[in-house]
Amino acid sequence: MKNKTAALKLLRKYSLITLGCIIYSFGVALFLDANGLAAGGVTGIAIIISYAAGGKIGTGWLIIILNVPLFVLGTVFFGKRFIMSTLYATVLSSGLIELWNLLILPHMPEISNILIPATAGGALYGAGLGIIFRAGGTTGGTDIIVKILRKKFRYMKTGIISMLIDIVIVGAAGIVFRDIDKTFYTVISLILFVVSFDFVLYGGNTAKLVYIVTTADKSEEICKKILTELDISATIVDGKGAYTGNARTVIMCAVKNYVFPRLRDVIKDADPQAFTIVTSAQEIYGEGYKEHGGEEL
């Protein structure tokens, strides 16, 4: 049973990494690289080198070459298991970039407005990489450096650390391309990358933290509906009104954003006079959310 569970978990992990690689490679090959827009990380460095070499060296192959020393660094910090998934993602995404360049790029319609590839490329690049990170892998390169820095600077989000590194690469791209317009659109692409990346990586963990202050009799009805209709749990705290001195029951629960409107209906139906406080919860650990022992992303 344990072996079957482990096998399914591994299959899910590599399925997500594969999906992420496909999305990531589409963004790089068909939008960024095809329009001379430098992506972030090693991918961006590879695009710059390929451009400087007149396209004689494929971006996908350059990504693999530049990753070799970083793989060694990743093995030292994270071990062989991490490197196996990273190697898989790097080789697959790099191979797909070259494949799309051969099969799809020649048939792509001409895009006159560079804003389109800048936004589409940045969004796809970020979403694909976010899926790969969420599955526990990386595409190598500066992603490995980002994960190392994330261990040291735990208060910083992965996307922000990546953006700081990419700013340097974008500056280098501006010097090599000598095109202020492309540099500007590369910055737009980078912003879209960070937004898309962080949304995919952290979006599923955000929720609302709700405090419902009501009476003891009304709290039973509210709790029953929360458990049965919304299929979420809650914590009940006994309290007392500071002004009236009357007994009060405080119901505390974390609810996903898409479920919150239904919770409001439950409160409105059971006790329209309930004092309700709603705040945003950026990260939640426990059943239905992130595991306490899980890797920090």
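Residues numbered from 1 in each chain as written. Predicted model: local features only at pLDDT ≥ 70, side-chain atom pairs only at ≥ 80, totals over all residues. Heavy atoms only, no water.

Undergrad: How would you summarise the overall build of the chain if you had to cite specific residues and measurements?
TA: In terms of helices and strands, the chain carries 10 helices and four strands. Secondary structure of the chain in N-to-C order comes out as α-α-α-α-α-α-α-α-β-α-β-β-α-β. A globule of 297 residues ought to have a C-alpha radius of gyration of about 19 Å, yet the chain, at 24 Å, is considerably larger. With the principal axes as the frame, the chain shows a C-alpha extent of 80 × 50 × 35 Å. Here the chain holds 297 residues, and 43% of them are scored as buried. Counting only contacts in the chain whose residues sit at least 6 apart along the sequence, the fraction spanning at least 24 positions is 75%. Of the roughly 16200 Å² that the chain leaves accessible, carbon and sulfur atoms contribute 64%. Counting 28 positive and 22 negative side-chain charges, the chain places the averaged centre of each group 6 Å from the other. (Helix = DSSP H or I, 4+ residues; strand = E, 2+ residues; numbered from the N terminus. Rg over C-alpha atoms; globule rule 2.2 N^0.38 Å. Buried < 20%, exposed > 50% of the residue type's maximum accessible area, 1.4 Å probe, protein only. Contact = heavy atoms within 4.5 Å. Areas by Shrake-Rupley, 256 points an atom, 1.4 Å probe, with all protein chains shown as cover. Lys, Arg positive; Asp, Glu negative; His and termini not counted. Charge placed at Lys NZ, Arg CZ, Asp CG, Glu CD.)

Undergrad: I'd love a proper account of the pattern of salt bridges, names of residues and values included.
TA: Tallied over the entire structure, the rule returns one salt bridge. Close ionic contact of Glu221 with Lys225 constitutes a salt bridge, the shortest N to O distance being 3.6 Å. Of the two residues, Glu221 and Lys225 both sit in helix H9 (residues 216-228), four residues apart, roughly one turn of that helix. (Salt bridge = Lys/Arg side-chain N within 4 Å of Asp/Glu carboxyl O.)

Undergrad: Which residues make up the packing of aromatic side chains, and what values do they have?
TA: Within the structure shown, the criterion is met by seven aromatic pairs. Each ring, one from Tyr14 and one from Tyr88, has its centre 5.1 Å from the other, and the planes form 75°; the classification is edge-to-face. One end of the pair, Tyr14, is in helix H1 (residues 2-32); the other, Tyr88, is in helix H4 (residues 80-103), with 74 residues separating them in the sequence. For Tyr14, a relative accessible area of 22% puts it in the partly exposed group. Between Phe193 and Phe197, the ring centres sit 5.5 Å apart and the planes meet at 25°, which makes this aromatic pair stacked. Taken together, the positions of Phe193 and Phe197, both in helix H8 (residues 180-202) and four residues apart, correspond to about one turn of that helix. Of the two residues, Phe193 and Phe197, neither departs from the other in class, the shared state being buried. These aromatic residues form a ring-pair network of at least three members: Tyr24, Tyr125, Phe133, Phe193 and Phe197. Residue placement shows Lys208 over the ring face of Phe260; its charged tip is 5.6 Å from the ring centre. (Phe/Tyr/Trp six-rings, centres within 6.5 Å; stacked < 30°, edge-to-face > 60°. Lys NZ or Arg CZ within 6 Å of the ring centre and 35° of its normal.)

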